[in-house]
Amino acid sequence: MRARRAVGRPHRLAVAVLPAVALALAPTTAHASAIGLATPQEAAPAPAPADRFQAGNSLYQAGDHEGALDAWLGLYEDGFESGELYYNIGNAYFRLGELGQAILFYERARVALPRDESVRTNLELARSLTADQITPLPGFWAPRVVRWAVQLVPRGWLIAILALGYLGLASILLYRLLSTGPPYWTRHAAVAAAALTLVVGTNLLIREFGIGRAERGVILQTEAAVQSAPSDDPSLQLFTIHEGAVVRIDRRSSDWLEIVLEDGKVGWVRVGDLETI
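Residues numbered from 1 in each chain as written. Predicted model: local features only at pLDDT ≥ 70, side-chain atom pairs only at ≥ 80, totals over all residues. Heavy atoms only, no water.

Asker: Help me understand the packing of helix 3 (residues 83–95) against helix 5 (residues 117–128) in this model?
Answerer: To characterise two packed helices, one gives the angle between the axes of the helices and the distance between these axes. Viewed as axis vectors pointing N to C, helix 3 and helix 5 meet at an angle of 30°, and their least axial separation amounts to 11 Å. On the basis of their axis angle, the class for helix 3 and helix 5 is roughly parallel. For the element pair helix 3 and helix 5, the recorded crossing hand is left-handed. Side by side, helix 3 and helix 5 meet where Tyr87, Asn91 and Phe94 of the first sit next to Ser118, Val119, Asn122, Leu125 and Ala126 of the second. Residue classes in the contact of helix 3 with helix 5 are distributed as 5 nonpolar, 3 polar and no charged. (Axes fitted to C-alpha atoms, helices over the stretch in contact; angles between N-to-C directions. Helix = DSSP H or I, 4+ residues; strand = E, 2+ residues; numbered from the N terminus. Parallel < 35°, antiparallel > 145°, perpendicular 65-115°, else oblique. Left-handed = near helix turned anticlockwise from the far one by under 90°. Contact = heavy atoms within 4.5 Å. Nonpolar A, V, L, I, M, F, W, Y, C, P; charged D, E, K, R; others polar.)

Okay, structure coming up:
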């Protein structure tokens, strides 16, 4: 894997080169004859996902940012997911001046790669260029500590520890079941293995399914009116927000979303004004 370089100055973005094993493959397919395409016997083999990803890298490095974006979006629209893919799509959108889309994919990359310094740096750069310079309210320390604790151990280590915990617990219980007069220490070992499995399993469950994570979105319209109620009545307009603003989504009402800005302001926007992270 080629090392990524952190952004040293504005518009100096890095490119992640992703091996095939790093892509989480979940493509959706349709029968060729059902959509009027050539059958497999008549068509050439489709490029492998890793080759398509690398083709996007090559186009990006050659300065063809639109071609790179098309290559990477093709993978994304086919159902492929990875933090590195989101990161590179964000880079391409940034180069093309589409700030809202860049921030959206950087935010998605940050969810998948929470400890990645290049993702954090590029996201901060993009958000610094938005029209709305929103000062976040100081948050309560407890949620920050919980988020830090959940992300403290890398995902791969969590899976390995969880597997060892299950294996250890099963071995101890089997030993106690088959042994006559098992040593007293095996009871403490079983309790410790069960506790470890529970803690690590809960951590992994929270990370994988986003339990307790607020739904967030990014404004993609150049300018969006924020209303005091889910209505287009001009007299109900509170203020406007602009492309790239990151908001929390609290409620949904038909075609409207109630949002909360990082500075605490609350209002309603049209569903089409933003896309969820």
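From this point, things continue past the structure.
Asker: Any chance you could explain the side chain of Arg108 here in plain terms?
Answerer: Tracing the backbone shows Arg108 in helix 4 (residues 99–112). The exposure class assigned to Arg108 is buried, which follows from its relative accessible area of 10%. At 3.3 Å, the side chain of Arg108 and the backbone oxygen of Ile277 are in polar contact. Beyond its immediate stretch of four places on either side in the chain, Arg108 contacts Tyr76, Tyr86, Glu275, Thr276 and Ile277. (Buried < 20%, exposed > 50% of the residue type's maximum accessible area, 1.4 Å probe, protein only. Polar contact = N/O pair within 3.5 Å; in protein donor to acceptor, adjacent residues only side chain to side chain.)

Asker: It is not clear to me how the packing of aromatic side chains should be interpreted in this structure. Could you clarify?
Answerer: The relative placement of two aromatic rings is captured by the distance of their centres and the angle of their planes. A complete count under the given rule lists 7 aromatic pairs for this structure. Seen in terms of ring centroids, Tyr76 and Tyr86 are 6.1 Å apart; in terms of plane orientation they differ by 75°. Their pairing is edge-to-face. One end of the pair, Tyr76, is in helix 2 (residues 65–77); the other, Tyr86, is in helix 3, with 10 residues separating them in the sequence. Overall, the relative accessible area of 26% leaves Tyr76 in the partly exposed class. The interplanar angle of 50° and the centroid separation of 6.3 Å between the aromatic rings of Tyr86 and Phe105 together place this pair among those described as tilted. With Tyr86 in helix 3 and Phe105 in helix 4, this residue pair connects regions lying 19 residues apart in the sequence. By the burial criterion, Tyr86 is buried, and Phe105 matches it. Chaining the aromatic ring pairs together yields one cluster made of Tyr76, Tyr86, Tyr93 and Phe105. Taking the ring centre of Phe105 as reference, the NZ or CZ of Arg108 above it sits at 4.9 Å. Stacked on the ring of Phe239, the Lys or Arg Lys265 has its end atom at 5.2 Å from the ring centre. (Phe/Tyr/Trp six-rings, centres within 6.5 Å; stacked < 30°, edge-to-face > 60°. Lys NZ or Arg CZ within 6 Å of the ring centre and 35° of its normal.)

What is shown is where atoms sit, not what they do.
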